[in-house]
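Commentary on secondary and tertiary structure
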Amino acid sequence: MRVIGINGSPRKNKNSAILLEKALCGAAENGAETKLYHLIDHTFSGCRSCFACKRLGGASFGKCAVRDDLAPILDDILNADGLIISMPIYFGDVPGMVRNLMERLWFPGLLYRKDGKLAYEKNIRVGLIYTMNAPDERYYDALITSHKGTFERFFGETSILCATDTLQYDDYSLYTGDMFDPVHKKERHQTIFPQDCEKAHAMGASLLL
Ligand SMILES: Cc1cc2nc3c(=O)[nH]c(=O)nc-3n(C[C@H](O)[C@H](O)[C@H](O)COP(=O)(O)O)c2cc1C
C-alpha cells in the first residue's frame, strides 16, 4: 500500500509541511510505504487545455500528456492507494501550484459523459489538510467543500483537517503589521498546533483502513 504526500506550501518546514509529515508518519506506522513531494521543488504548469487526455484512440487518453516535472508525480499519485495534500490558504484559495496540480490531476479523469463515467477506476483514499491564519475554517467552507466533492468524485473517500490561526513567523517583531497578537500566536502554536499534529497523525493512520 502506497501513500503519496504533497506539500503545497513553498515552505518546507512550516505548518503545512509539519502536519503532512505527521500524517505520513501515521500512514507508515500502519504499514504504508510513503513518499513526500514538495511542489516548490518542481517546475510545472496547470492544464494546457490540449485535450490530448480526451482524444479518442490517442496515446494519452485518460492521462495528462504534458511532460514536465509534474508528470511522474501524477503517475505516482494515480498508482497509489492514498493521497494526502497539505496546503496553506492563499487569498481565500490554494497556492497556484496546488491549483495547477489539481487541474492536471482531475481533468484527464473527466470524460464528459452523460452517465458520469470517469477514466479513473482506481479507488484512492484522500486526506486534505488546510492551514490558515484565519481563526475559523468556516471562512473557507465553500472552497473546502468543493475540493472534497471533486476528490470524492474522482478518487474516493476524502477526509479534511484544518489548522487555523497558525504561526506565520517565529518572530513577529521583524515584520510589518499589527493585525496579529504575537503572544496569542505563540501560545496557540504551543497548545493547539500539537493537537492538530495529533489529528494529522490520526488522519494518516486511518487513511487506508
Ligand atoms: C500569499 C499569502 C496569502 C495568504 N492568504 C491567506 C488567506 O487568504 N487566509 C488565511 O487565513 N491565511 C492566509 N495566509 C496565511 C497562510 O495561509 C498561513 O500562514 C499558513 O499556515 C501558512 O502555511 P505554511 O506555514 O505551511 O507556509 C496567506 C499567506 C500568504 C503567504
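Details of the structure are given in the entry above.
Cut-offs applied
Residues numbered from 1 in each chain as written. Predicted model: local features only at pLDDT ≥ 70, side-chain atom pairs only at ≥ 80, totals over all residues. Heavy atoms only, no water. Axes fitted to C-alpha atoms, helices over the stretch in contact; angles between N-to-C directions. Helix = DSSP H or I, 4+ residues; strand = E, 2+ residues; numbered from the N terminus. Parallel < 35°, antiparallel > 145°, perpendicular 65-115°, else oblique. Left-handed = near helix turned anticlockwise from the far one by under 90°. Contact = heavy atoms within 4.5 Å. Nonpolar A, V, L, I, M, F, W, Y, C, P; charged D, E, K, R; others polar. Pairing = 2+ DSSP bridges. Core = buried A, V, L, I, M, F, W, Y, C linked by side-chain atoms within 4.5 Å. Buried < 20%, exposed > 50% of the residue type's maximum accessible area, 1.4 Å probe, protein only. Near = heavy atom within 4 Å. Polar contact = N/O pair within 3.5 Å; in protein donor to acceptor, adjacent residues only side chain to side chain. Areas by Shrake-Rupley, 256 points an atom, 1.4 Å probe, with all protein chains shown as cover.

Details of the packing of helix H1 (residues 15-29) against helix H5 (residues 182-206)
Packing of H1 against H5 leaves a shortest axis separation of 6 Å and a crossing angle of 40 degrees. When the interaxial angle is binned, H1 and H5 end up oblique. Here H1 and H5 pass one another in a crossing that is right-handed. For the pair H1 and H5, contact is made by Asn-15, Ile-18, Leu-19, Lys-22, Ala-23, Cys-25, Gly-26, Ala-27 and Glu-29 and by His-189, Phe-193, Asp-196, Cys-197, Ala-200, His-201, Gly-204 and Ala-205, respectively. Its residues placed into classes, the contact of H1 with H5 shows nine nonpolar, five polar and three charged.

A look at the sheet that holds strand S5 (residues 158-163)
Within the open sheet, the five strands sit side by side as S2-S1-S3-S4-S5. Their pairing is parallel. Both outer strands of the open sheet, strand S2 (33-38) and S5, are each paired with one neighbouring strand and no more. Each strand axis lies, on average, 15 degrees off the axis of its neighbour in the sheet, ignoring direction. Sheet contacts for helix H2 (residues 70-78): strand S1 (2-7), S2 and strand S3 (82-88); angle to S1, the most-contacted strand, approximately 140 degrees. Its contacts with the sheet place H5 against S3, strand S4 (125-131) and S5, and it is angled at close to 170 degrees to S5.

Some thoughts on the nonpolar core
By size, the foremost hydrophobic cluster in this structure holds 41 residues, and its most contacted members are Ile-6, Leu-83, Ile-85, Tyr-130, Phe-151 and Phe-155. Ranked by residues supplied to this core, first place goes to helix H3 (residues 96-106) with six residues. The residues touching Ile-6, leaving out its near neighbours within four places in the chain, are Leu-20, Tyr-37, Leu-39, Ile-73, Ile-77, Leu-83, Ile-84, Ile-85, Ser-86 and Leu-101. Membership of the second largest hydrophobic core comes to 16 residues, among which are Val-3, Leu-20, Ile-129 and Ala-163.

As for the packing of H3 against helix H4 (residues 141-154)
Interaxial distance between H3 and H4 falls to 11 Å at its minimum, and their mutual angle equals 30 degrees. As judged from the angle between their axes, H3 and H4 are roughly parallel. Crossing hand, H3 versus H4: left-handed. The segment H3 lies against H4, with Met-102, Leu-105 and Trp-106 engaging His-147, Thr-150, Phe-151 and Phe-154. Partitioned by chemical class, the residues of the contact of H3 with H4 number five nonpolar, two polar and no charged.

As for the site of the ligand
Taken together, 17 residues lie near the ligand, and Ser-9, Ser-16, Ile-89, Tyr-140 and Thr-166 sit nearest. Between the ligand and the protein, one listed contact pairs an oxygen atom with a backbone N or O atom of Gly-92 at 2.9 Å. Take Thr-166: an N or O atom from its side chain is 2.7 Å from an oxygen atom of the ligand. For the ligand, whose free accessible area comes to 650 Å², the fraction covered by protein is 81%. Residues that form the shell around the ligand fall into these classes: seven nonpolar, eight polar and two charged.

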